[in-house]
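Structural characterization, general
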Amino acid sequence: MNKTVVVLGTQWGDEGKGKIVDLLTEEAIAVVRYQGGHNAGHTLIIDGEKTVLHLVPSGILRDDVTCYIGNGVVIEPAALIKEIEQLSAAGVDVRSRLVISHAAPVIMPYHILLDQLREAKRGKKAIGTTGRGIGPAYEDKVARRGIRMGDLADAETLRHKLQEVLAYHNHVIEHYHAHEPLDLEQVYQQLLQQAEQLLPMCDDVTGCLHTHLQKSEKILLEGAQGSLLDIDHGTYPFVTSSNTTAGSAASGSGLGVTQMDYVLGITKAYTTRVGSGPFPTELFDDDGALLAERGVEFGATTGRPRRCGWLDLVALKRSIQVNGVTGLCITKLDVLDAFAEIKVCVDYGDAQFPVTASQWETVKPSYQSFKGWQSSTRGLTDANGLPAEAKTFIEFVENYTKVPVHIISTGPDRQENIVIQHPMG
Ligand code: IMP
């Protein structure tokens, strides 16, 4: 029986992880976020009601589940407080069920400002970040000058740290970006107020997780973004600033790599991407527009329209390798219901998987074509009910990737899934 399950995206994010985490949480005691920040947007629809989560793990909507924000997550205090308040107003008790790592880095106002100033300066070469300060916050962590959640407990030391780091960033803000510097006192006072609200929820997350393991309790680790946005394995430099691949589930939580029992790789039945960067199977025609319309492809965090294209099995296979994926979950199968012809990319026309930006630019995708089923799969919960053409499509994915499809999502609601094999046993 699998006790520790990692759920992650195998594409460029927005694969529908939140919904699947919520589904699997039925079996779990704890749900952990381990990387990324409020750049993520996890949409859950329960009985037709929509909730978008950014920092709070998707397990929060189940009463008996404890939610953890691990050391690998970057936390913007105002965003987290707002999310907690919104959930509380909707009757979800967050404060008694959310535990935040002392070691998680804080996203500060200068990180957000720097993210936005840099993107503006890049002009046409902009990465298309979410503008939430994610990159600059991770830079400060790696540069060993970051402020962590635990630092908020000691007001005096915090002031000294902030003074030093702000002097450093203000220099760049003022002299490189020609923007007004940030005021130390203002940043400090705001942080103290936020600390008052968040510190009661801070604890040793790693210790808590190992206690769950000792009691043989099931833990779900919830990835954010997707593998092709990984800082090392993604389409660099058009990536996010964290490792979105499975190794982060260990480093970003404090669990050991040998303690992960199962990795569920989520893939849409097609592909989307927000922001700039390579996308070999992108469609600019009516098929792309139909995918966007049927899939309601707008970013949950920024509202930006998502770029759409066919499923890319070459990229999926690579993601399966770098994550050690055990089983696949195909989401949004029903979006393909309307298509007379469905394509999947099976080859890049090159012996090597692209790594550099220029290699990505020269990719020439070739496709395998499938007859569409042109009937509704919406809401199906039994694999036997799938049209023959849809079964052929899914079997092709399994044969190509050599990984079984364990879950198929057939609609946005919590109930709309075909569970072939439950990752938690
Ligand atoms: P950042 O993470 O805000 O630095 O943005 C870097 C890249 O990652 C941009 O292309 C964003 O659109 C993308 N990105 C960040 N978070 C998500 C997400 O949750 N879903 C999809 N794309 C994301």
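This is a predicted model, so every value here is computed, not measured. Here the residue numbering is sequential within each chain, running from 1 through the sequence in written order. The predicted origin of the model limits local features to residues at a pLDDT of at least 70 and limits the giving and counting of side-chain atom pairs to 80 or more, whereas totals for whole chains, interfaces and linings rest on all residues. Computation of side-chain values covers all heavy atoms of the structure but excludes hydrogens and water.

Looking now at the environment of proline 237. Numbering of helices and strands runs from the N terminus, with a helix taken as a DSSP run of H or I at least four residues long and a strand as a DSSP run of E at least two residues long. Relative to the helices and strands, proline 237 is located in the loop between β8 (219-226) and α8 (247-251). Exposed residues in this analysis have more than 50% of their type's maximum accessible area, buried residues have under 20%, and partly exposed residues fall in between, with area computed by a 1.4 Å probe over protein chains only. On the accessibility criterion, proline 237 (36% relative accessible area) is partly exposed. Sequence separation between proline 237 and glycine 277 is 40 residues; the distance between their C-alpha atoms is 8.1 Å. Among residues more than four places away in sequence, those in contact with proline 237 are Ile127 and Ala357. The contact rule is simple, with two residues in contact once any of their heavy atoms fall within 4.5 Å.

One widely used convention gives an interface's size as the accessible area the parts lose upon coming together. Residue ranges assigned to each domain were obtained from an automatic or database domain assignment. With domains assigned, the protein chain is organised as domain 1 (4-101 + 199-259), domain 2 (109-198) and domain 3 (267-419). With 30 residues of domain 1 in contact, the opposing surface of domain 2 contributes 20 residues. Put simply, buried area is how much 1.4 Å-probe accessible surface two parts lose in total, over both of them, once they are put together. Here domain 1 and domain 2 share an interface that buries about 1900 Å² over both sides, 67% of which is from carbon and sulfur atoms. Here a polar contact is taken to be a pair of N or O atoms separated by no more than 3.5 Å, where protein atoms must pair a possible hydrogen donor with a possible acceptor and residues adjacent in sequence count only if both atoms sit in side chains. Applying the counting rule to domain 1 against domain 2 returns five residue pairs in polar contact (both at pLDDT 80 or more). Counting residues per element, the ones that place at least two in the side of domain 1 that touches domain 2 are α2 (77-89) and β6 (98-101). When residues in the side of domain 1 that touches domain 2 are grouped by element, the largest group, six residues, is from α2. Looking at the side of domain 1 that touches domain 2 residue by residue, the class counts come to 16 nonpolar, 11 polar and three charged. Here the nonpolar group is Ala, Val, Leu, Ile, Met, Phe, Trp, Tyr, Cys and Pro; Asp, Glu, Lys and Arg are the charged ones; every other residue, Gly included, is treated as polar.

Here the focus is the site of the ligand. Working definition: residue near molecule or strand if any one of its non-hydrogen atoms lies within 4 Å of it. The environment of the ligand is made up of 16 residues, and the closest members are Asp14, Asn39, Thr130, Thr240 and Arg304. Side-chain polar atom of threonine 130 to an oxygen atom of the ligand: 2.6 Å apart, as the coordinates give it. Here an oxygen atom of the ligand sits 2.6 Å away from a polar atom, N or O, in the side chain of threonine 240. All accessible-area figures derive from a Shrake-Rupley calculation using a 1.4 Å probe, and residue coverage is judged against the displayed protein chains alone. In isolation the ligand has 470 Å² of accessible area, and contact with the protein removes 96% of it. In terms of residue class, the shell around the ligand is built from six nonpolar, eight polar and two charged.

Whether two aromatic rings pair depends on their centres lying within 6.5 Å, for rings of Phe, Tyr and Trp, where Trp uses its six-membered ring; planes under 30 degrees apart make the pair stacked, over 60 edge-to-face, and the rest tilted. Within the structure shown, the criterion is met by nine aromatic pairs. Ring-pair connections join several aromatic residues into one group, and the members of that group are Phe370, Trp373, Phe393, Phe396 and Tyr400. Whether a charge sits over a ring depends on NZ of Lys or CZ of Arg being within 6 Å of the ring centre and within 35 degrees of the ring normal. Here lysine 121 stacks its cationic end above the ring of tyrosine 176, 4.4 Å away from the centre of that ring. The ring of tyrosine 367 has lysine 343 lying over it, and the distance from NZ or CZ to the ring centre is 5.9 Å.

One can describe the packing of helix α5 (residues 155-175) onto helix α6 (residues 184-198) by two numbers: an axis separation of 10 Å at closest approach and a directional angle of 140 degrees. Considering their axes alone, α5 and α6 lie oblique with respect to each other. Crossing of α5 against α6: the hand is right-handed. Listed contacts from α6 to Ala155, Glu156, Leu158, Arg159, Leu162, Gln163 and Leu166 of α5 are Leu184, Glu185, Val187, Tyr188, Leu191 and Leu192. Its residues placed into classes, the contact of α5 with α6 shows nine nonpolar, one polar and three charged. All axes are obtained by fitting lines to C-alpha atoms, using only the stretch in contact for helices, and the reported angles, taken between N-to-C directions, cover 0 to 180 degrees. Angles are sorted into four bins: roughly parallel if under 35 degrees, roughly antiparallel if over 145, roughly perpendicular if 65 to 115, and oblique for all others. The hand of a helix crossing depends on one turn: near helix anticlockwise from the far one by less than a right angle means left-handed, and clockwise means right-handed.

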